[in-house]
Amino acid sequence: MPKILIVGGGYAGFYTARKLEKWLRRGEAEVTMVDPLPYMTYQPFLPEVAAGSIEPRHAVVPHRRHLKTTKVVTAKVTGINHATKTATIQPEVGDSWEMEYDLVVVTAGAVSRTFPIPGVADEAIGMKTIEEAVEVRDRILTNFDKASNLPAGPERDRLLTFVVVGGGFAGIEAFGEMRSLASSLLALYPNLKFEDTHFHLIEAMGRIMPEVSLETSKWVIKNLADRGAQIHLDTQLKSAVNGVVELSTGESFESDTIVWTAGVMANPVVRATDLPIEERGRIRVQADLRVINDDGIVEGAWGAGDVCAVPDLTGGGVGGFCVPNAQHAVRQAKLMAKNIVASLRGEEPKDYFHKNQGAVAGLGLYHGVFQSGKIAIKGFPAWFMHRGYHGMAMPMFERKARVFSNWITNFFWGRDTVSIEARVEPRRAFEEFASRPK
């Protein structure tokens, strides 16, 4: 029985495993999925998790609960030797081992891409994982608690100054949701005023959100400006050492919360393989999602999602390749599962072809934007469309139900504004009062 190894349990990996379970006949193949996390994160919901609109656990899909016949291994793949068809598996506890396979499917996704800017590695936080979104939420809430006990001055300004670096969809959505949360908190802190909060978004390009029209992007800037947020275009972050934000324009201010959303790169695990990689560090695949090198198809190797350079046959991609987003990853995974089954049965795989259906973004409670071709919808209708689309796109019915129940509960009682930042050091309270030998 052929052994299929799926490397990565994000969008592409999870959906590939789900569809293989559906389409493979009993005994036709054995599927194993390896990922260091026991769940798939629905990343479009991270901004709402950061804003307290969605319970963090409801924005993830547990692998073992929803994959019935796939063998789930919670560990890292630290190397792939396709010449011998073996992968090195490293669990968090215990020794590594070699796993043999017949087909390898690389869906390891992407990680935050940063630049060697002083202070970023020490002070900033990303918005790629559920843990990062929770930390941003708790940081905002805790900073309001701290600031409410301080007089006006530099220390309070630092706590109430929030910075997002990157003006793409991820950055703008996070920025808008953070601004929305901060505005709603002011009613709980009578000694803090709207003018005491400061929000800065830093974008190196001359515009934001390249996925929408220039006119729509200008509307987004005006919407955020009217809500007390400042967007710095054509501006680069020069330094963030000790939380002191220095911009290429010469402007400088202090911030206790710096969120980095300025790009992603292919998971570095691909560098520890003998699979062909293109100049941007992604695995080379052709349109049917089989891995290729200069001599043609690499037998027994497949790939999809952000970790791969997938040709965009519609002509709408950047540099001729599909852009790294969930819309492509999910559809590529479903087709790849079909193609793998077809190849096992001696049939020809099909090429991936998907035209962008448009872009929809949430900018905070009751604010949103939608763009499809020349059609643009703004404000509350777009925000409602955003929630409807992503609510239905969330995998698994029970996950959908949890998310929608969050939104319904919040509609009547407001979002949850409890910080549990003490979770970072859960033993502190116990250690403080624990008896020790004299």
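Refer to the preceding data block for the structure.
What you are looking at is a predicted structure, and each value in this text was computed from that prediction instead of being measured. (Residues numbered from 1 in each chain as written. Predicted model: local features only at pLDDT ≥ 70, side-chain atom pairs only at ≥ 80, totals over all residues. Heavy atoms only, no water.)

## A look at the pattern of salt bridges
A side chain of one charge can pair with a side chain of the opposite charge if their charged atoms are brought near each other. Taken as a whole and judged by the stated rule, the model has 18 salt bridges. Here Glu55 ties to Arg57 by a salt bridge, and the two come within 3.9 Å at their closest N and O atoms. The salt bridge involving Arg399 is made with Glu398; its shortest N-O contact spans 2.7 Å. Grouping residues by exposure puts Arg399 and Glu398 together as buried. What you see here is one network of salt bridges that share partners, running through Glu135, Arg137, Asp138, Arg139 and Arg423. (Salt bridge = Lys/Arg side-chain N within 4 Å of Asp/Glu carboxyl O. Buried < 20%, exposed > 50% of the residue type's maximum accessible area, 1.4 Å probe, protein only.)

## Overview of the sheet that holds strand E8 (residues 97-100)
Hydrogen bonds between backbone groups are what pair the strands of a sheet, and the pairing can be parallel or antiparallel. Spatial ordering of the open sheet is given by E6-E7-E8, a layout of 3 strands whose pairing is antiparallel. Edge strands, defined here as strands with exactly one partner in the open sheet, are strand E6 (76-81) and E8. Averaged over all neighbouring strand pairs, the angle between strand axes comes to 30°, with direction disregarded. Inspection of the sheet shows E6 paired to strand E7 (residues 86-90) by 5 bridges, in the antiparallel sense. Across the sheet, residue Gly79 finds its bridge partner in E7, namely Thr88. (Pairing = 2+ DSSP bridges. Helix = DSSP H or I, 4+ residues; strand = E, 2+ residues; numbered from the N terminus. Axes fitted to C-alpha atoms, helices over the stretch in contact; angles between N-to-C directions.)

## Some thoughts on helix H8 (residues 214-226)
The terminal C-alpha atoms of H8, which comprises 13 residues, lie 18 Å apart, in line with the 18 Å expected from a rise of 1.5 Å per residue. Looking only at H8, the buried set comprises Thr216, Ser217, Val220, Asn223 and Leu224. The arc that holds every buried residue of H8, seen down its axis, measures 115°, which confines them to one face. Exposed side of H8, more than 90 degrees from the buried face: Glu215, Lys218, Lys222 and Asp226 are the residues found there. Buried residues along H8 sit in contact with helix H7 (169-185), strand E14 (229-232), strand E25 (368-372) and strand E26 (375-378). (Expected span 1.5 Å × (residues − 1). Arc of directions from axis to C-beta. Contact = heavy atoms within 4.5 Å.)

## Description of a positive patch on the surface
On the surface, Arg18, Lys22, Arg65, Lys68, Lys334, Lys338 and Lys350 cluster together into a positively charged patch. Only helix H1 (11-23) and helix H9 (326-344) provide two or more residues apiece to the positive patch. Structurally, Lys22 can be placed in helix H1. (Patch = residues over 30% accessible without salt bridge, like charges linked within 9 Å, V, L, I, M, F, W, Y side chains within 5 Å. Areas by Shrake-Rupley, 256 points an atom, 1.4 Å probe, with all protein chains shown as cover. Lys, Arg positive; Asp, Glu negative; His and termini not counted. Charge placed at Lys NZ, Arg CZ, Asp CG, Glu CD.)

## Digging into the environment of Val73
Secondary-structure assignment places Val73 in strand E5 (residues 71-74). Sequence-wise, Val73 and Val34 are 39 residues apart; in three dimensions their C-alpha atoms are separated by 4.7 Å. Contacts of Val73, omitting those with residues within four sequence positions, involve Thr32, Met33, Val34, Asp35, Ile89, Trp97 and Met99.

## Digging into the sheet that holds strand E22 (residues 296-303)
Pairing in this open sheet of 6 strands is mixed, and the strands run E5-E2-E1-E9-E22-E21 from one edge to the other. Either end of the sheet is taken by a strand with one partner, and the two such strands are E5 and strand E21 (290-293). Within the sheet, the average angular offset between the axes of one strand and its neighbour, ignoring direction, is 30°. Note: strand E1 (residues 3-7) against strand E2 (residues 30-35), 5 bridges, orientation parallel. Following the sheet pairing, Lys3 is matched in E2 by Glu30. Strands in contact with H1 are E1, E2 and strand E9 (103-106); relative to E1, the strand with the most contacts, it is inclined by about 155°. Strand contacts of H9: E1, E9 and E22, with the helix running at about 125° to E22, the strand carrying the most contacts.

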